[in-house]
Amino acid sequence: MSFIKHRSKPDEMKVLETLNDRMNLTVKEKYDLTNLAKGFEGEQKFDEWLLTLSNEWNILNDLRFEMNNTYYQIDSLSLFSETIYQFEVKNYEGDYYIEKDTWYSIKGKEISNPFLQLTRAESLLRRFIKSLGFNYSIESYLIFINPEFHLYHAPRNQQIIFPTQLPRFMNNLSKKTSKVAKNHTKIVEQLLHFHLTESPYNRIPKYTFDGLKKGIICIKCRSFINTFNRMYLICDHCGNREKVTSAVLRSVDDYMILFPEEKVTRKVIQEWCKIVPGKTIINILSDHYKMIASGKNSHYIKSDK
Ligand SMILES: [Zn+2]
């Protein structure tokens, strides 16, 4: 198989993770972050299974489309011969049950019906593919990836793959053979063309530079580092030691994630890192970024190398 489009950590998750270090998130925001992280982890686990497929498979991960003002996303879209396989991956853990088509966690909390989500995405995808003039058949599967997941009174539905069935399911896919090797270039081109890079869902709280806690965060225990040493920063909390350069570069990355529109200047990064002296900041920025010099407004951008 080949991953035509790779999966990366969702921007929303990156921003929430970084904010979590530097401000107080509400219970709801923390819950969203946990869910995003869990979902991402599940999808990555499924990617490992996809690696077992033959090289006739072309895989596009994490696609988002809009059709007639309706937005939908596909965790994994795999092309094999003249079939599109749509995979919706759920990393649910614990016990769940279904009552009259409604899904609940064992505590009785209603969750959005994942099977409905799958069929809805499938019908939108079907119309979309047809509108592009392609003639592929579509098979959709709901994959429960977490071995700790259990669904009471599970429906006998071949589109739902439970953790214990997954090895067999993937084995069957990997044994598939096609009579004619199909060239997927055209459809891949179209799928990527219509893919939306930004997610319309936004669970990110409002934040400002002034409102965030400044300083360098320990890579290991996420607490703030109190003291600066010339070469290494040592965390008072867990004792972890990290080179100043790498800690500053990490902090600049955080800044860029949170403020992608803002310029990276010496002044702002010094304030952001707080404990590191200005001269060290200048040295690190000059060594690792490209400076756009314009007097007082000099700033740094990522260099292409
Ligand atoms: Zn630490």
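As the structure is a prediction and not an experimental result, all values here were calculated from the model.

**Observations regarding the overall build of the protein**
(1) Moving on: Along its length, the protein carries eight helices and 14 strands.
(2) Moving on: Projecting the C-alpha coordinates of the protein onto the three principal axes gives extents of approximately 65 × 45 × 35 Å.
(3) Moving on: When burial is assessed residue by residue, the protein has 45% of its 305 residues classed as buried.
(4) Moving on: A fraction of 61% describes how many contacts in the protein between residues 6 or more apart in sequence connect residues 24 or more apart.
(5) Moving on: Looking at the protein as shown, the accessible area adds up to about 17,600 Å², and 49% of this sits on carbon and sulfur atoms.
(6) Moving on: Placing the 44 positive and 36 negative side-chain charges of the protein at their respective mean positions leaves the two points 4 Å apart.

**With respect to the sheet that holds strand β4 (residues 83-90)**
(1) Moving on: Strands sit in the order β1-β2-β3-β4-β8-β10 across an open sheet of six strands; the sheet is mixed. In the strand order of this sheet, the two ends are held by β1 (2-5) and β10 (160-161), each with one partner.

**Some remarks on helix α2 (residues 27-50)**
(1) Moving on: In this model, α2 (24 residues) spans 35 Å end to end at C-alpha, consistent with the 34 Å of a helix rising 1.5 Å per residue.
(2) Moving on: Within α2, the full set of buried residues consists of E29, D32, L33, L36, F40, G42, E43, F46, D47 and L50.

**A look at the UniProt feature "domain: NERD" (unreviewed entry) in the protein**
(1) Moving on: As annotated by UniProt and renumbered to match this structure, "domain: NERD" (unreviewed entry) occupies residues 38-148.
(2) Moving on: Secondary structure content for residues 38-148 is 28% helix and 44% strand, and the end C-alpha separation is 13 Å.

**A short note on unusual backbone geometry**
For residues that are not glycine, phi is negative in most cases, and the peptide bond is trans in most cases.
(1) Moving on: At D101, a residue that is not glycine, the phi angle is positive and equals roughly 70 degrees.
(2) Moving on: Locating D101 in the fold gives a position in the loop between β5 (94-99) and β6 (102-105).
(3) Moving on: Overall, D101 belongs to the exposed group, its relative accessible area being 61%.
(4) Moving on: The residue H153 is not glycine, and still its phi comes out positive at about 50 degrees.

**Topic: helix α8 (residues 278-288)**
An α-helical segment advances 3.6 residues per turn. Residues three or four places apart therefore align on the same side.
(1) Moving on: Within α8, the full set of buried residues consists of G278, T280, I281, I284 and L285. All buried residues of α8 lie within an arc of 160 degrees about the axis, which places them on one face of the element. For α8, the exposed residues lying more than 90 degrees away from the buried face are K279 and D287.
(2) Moving on: The secondary structure elements touched by the buried residues of α8 are α6 (244-258), α7 (266-273), β13 (289-292) and β14 (299-302).

**A word on the packing of α6 against α8**
(1) Moving on: The contact between α6 and α8 brings their axes to 10 Å, and the two run at 75 degrees. What the angle tells us is that α6 and α8 run roughly perpendicular. In this structure, α6 uses V244, T245, V248, L249 and V252 to contact α8, whose residues at the interface are T280, I281, I284, L285 and H288.
(2) Moving on: For the contact of α6 with α8, the class distribution of residues is seven nonpolar, three polar and no charged.

**Things to note about the packing of α2 against helix α4 (residues 166-174)**
Angle between the axes and distance between the axes are the two parameters that describe a pair of packed helices.
(1) Moving on: At a minimum axis separation of 10 Å, α2 and α4 run at an interaxial angle of 45 degrees. By the angle class used here, α2 and α4 are oblique. Taking contact as the criterion, the partners of F46, W49 and L50 in α2 are, on α4, L166, P167 and M170.
(2) Moving on: A class-by-class count of the residues in the contact of α2 with α4 yields six nonpolar, no polar and no charged.

What counts, and at which threshold
Residues numbered from 1 in each chain as written. Predicted model: local features only at pLDDT ≥ 70, side-chain atom pairs only at ≥ 80, totals over all residues. Heavy atoms only, no water. Helix = DSSP H or I, 4+ residues; strand = E, 2+ residues; numbered from the N terminus. Buried < 20%, exposed > 50% of the residue type's maximum accessible area, 1.4 Å probe, protein only. Contact = heavy atoms within 4.5 Å. Areas by Shrake-Rupley, 256 points an atom, 1.4 Å probe, with all protein chains shown as cover. Lys, Arg positive; Asp, Glu negative; His and termini not counted. Charge placed at Lys NZ, Arg CZ, Asp CG, Glu CD. Pairing = 2+ DSSP bridges. Expected span 1.5 Å × (residues − 1). UniProt positions renumbered as here; feature names shortened; annotations may be inferred. Arc of directions from axis to C-beta. Axes fitted to C-alpha atoms, helices over the stretch in contact; angles between N-to-C directions. Parallel < 35°, antiparallel > 145°, perpendicular 65-115°, else oblique. Nonpolar A, V, L, I, M, F, W, Y, C, P; charged D, E, K, R; others polar.

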